[in-house]
Amino acid sequence: MGNRERSALVERSDGFNYGYAMNCTCGRVSVLSAEDYYVEADGAHMKCAHCGASIHFGVAVAALRNQDDPALDDEAVTRFAWYHTSTEPDWPSSDYARRFIEDLEQNDHRPVNRDHYVSMHTTKALHLGTYETAVENMLRRMHDEHDGGSQFYLYRVAIDLRPGRINPGYRDENHDGAAQLSISELDRDSLDAVRYLNVHEGTGVLSLAIRPEVITAVQRMPIPLPELALPPMPGFLDREITALAHAQDEMEAAQARVESVPHGRRRMMYFGVYDDPDGLAKKAGDLEHRYIDLWNQLEDQLAEACLPSASRPIRRDFNEAMGSWKSANPSVNSATFISRYRTMAALLENSSEVISEVAHQPWRDSRSL
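Here we come to the packing of helix 11 (residues 280-306) against helix 13 (residues 334-349). The N-to-C vectors of helix 11 and helix 13 enclose an angle of 35 degrees; their axes lie 11 Å apart at closest approach. The chirality of how helix 11 crosses helix 13 is right-handed. Along the contact surface, helix 11 presents Trp295, Leu298, Glu299, Leu302, Ala303 and Cys306, while helix 13 presents Ser334, Phe337, Ile338, Tyr341, Arg342, Ala345 and Glu349.

Rendered as structure tokens:
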């Protein structure tokens, strides 16, 4: 694929305020709003729009949102710009297996069947998706995989597929997992790519699992981008920030008083074996809970102000990721946190500008991958 074809890659985006589609045992699909999904309306049950049966909705019965998803067209797949997020600055790297082994040795990790373990983790298919799935993958990794403080990179990917080397239709990830798909499985089925229903990020859209050779070139950009941050909001949350700072001072003072008690006696105080003079331990605990509550309120208000175009499930995932970033940077104050929040929120609210920015980055040709 030459420069002309790469410049003509097709973008597609459905934003971060999508609803959901759920499968019923009758074989039909019913739609569900993001709000009902978030609050788990009716105990996470919905009525099938076709047969009236009760569907216990959730990831396990998630369906394709658009039954005419353009990624079902084999030829269109190669015309799309695909996306990926990674903490690796040189993804996809031909050197990954060697570095994986080095990490094992440096961390003194000794799996029972070392060769099988290494092979399993270094011969997996690569995964590509929409811009939204790439961003949501980053949020999930920040919260679930100890990457809260990691530097992420956004990759825009061009691919080339030979006719007949992608599966017909799509694989449903709930019934035939794709996350751990290996190159040997692609070899077995004589495929270069597997199209699958993504139920973990961008729930209900199609993603790809591919062999590395399918990639013709990538563009890369570190994210988030400070220059695309949402604008400051003078005076916004001033009262909340002041209350948070006051609560932190009170909490730390109370904790310092508790810390002044000898360690052994302090532990017994917490367990109620020794008296708690002046209620020090209880007061410190209460103040810590108040401080946490104020932080949660601050994050909720930031989500309302900074993520108006995102659904409540996405706002929740975003705040969990930002909470992991804060845990990885425990010394940050509220002003620094808000600044980071505005910068990260731009990935969702200013997605077209972010896509434009990465689309102007130089291409790294497959020969150098």
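Quick look at the pattern of salt bridges now. Going through the model one piece at a time under the given rule, you end up with 15 salt bridges. One salt bridge connects Arg141 with Glu145, and the closest N-O pair in it is separated by 3.7 Å. Residue Glu145 is classed as partly exposed on the basis of its relative accessible area of 37%. Put simply, Asp192 and Arg165 hold a salt bridge, and the shortest N to O gap is 3.0 Å. Placement of Asp192 in the loop between helix 8 (183-188) and strand 9 (193-198) and of Arg165 in the loop between strand 7 (152-159) and strand 8 (171-172) is noted, with a sequence separation of 27 residues between them. For Asp192, a relative accessible area of 6% puts it in the buried group.

As a further point, take helix 13. The end-to-end C-alpha separation of helix 13 is 21 Å, in line with the 22 Å expected for 16 residues at 1.5 Å each. For helix 13, a buried count of twelve out of 16 residues is recorded, marking the element as mostly surrounded by other parts of the structure. Among all positions in helix 13, only Ser334, Phe337, Ile338, Tyr341, Arg342, Thr343, Met344, Ala345, Ala346, Leu347, Leu348 and Glu349 are buried. For helix 13, the N-terminal capping position is held by Asn333, with its side-chain oxygen 3.2 Å away from the main-chain nitrogen of Ala335.

Inspection of every chain in the model, using the stated rule, returns eleven aromatic pairs. Taken together, a centroid distance of 5.6 Å and an interplanar angle of 70 degrees make the contact between Tyr18 and Tyr20 edge-to-face. Comparing Tyr18 with Tyr20 shows no difference in burial state: the two are buried. Relative to Tyr341, the ring of Phe318 lies with its centre 4.9 Å away and its plane at 70 degrees, an arrangement referred to as edge-to-face. One end of the pair, Phe318, is in helix 12 (residues 312-328); the other, Tyr341, is in helix 13, with 23 residues separating them in the sequence. Connected via pairs of aromatic rings, a cluster forms that spans Trp295, Phe318, Trp325, Phe337 and Tyr341.

Conventions we followed
- Residues numbered from 1 in each chain as written.
- Predicted model: local features only at pLDDT ≥ 70, side-chain atom pairs only at ≥ 80, totals over all residues.
- Heavy atoms only, no water.
- Axes fitted to C-alpha atoms, helices over the stretch in contact; angles between N-to-C directions.
- Helix = DSSP H or I, 4+ residues; strand = E, 2+ residues; numbered from the N terminus.
- Left-handed = near helix turned anticlockwise from the far one by under 90°.
- Contact = heavy atoms within 4.5 Å.
- Salt bridge = Lys/Arg side-chain N within 4 Å of Asp/Glu carboxyl O.
- Buried < 20%, exposed > 50% of the residue type's maximum accessible area, 1.4 Å probe, protein only.
- Expected span 1.5 Å × (residues − 1).
- Polar contact = N/O pair within 3.5 Å; in protein donor to acceptor, adjacent residues only side chain to side chain.
- Phe/Tyr/Trp six-rings, centres within 6.5 Å; stacked < 30°, edge-to-face > 60°.

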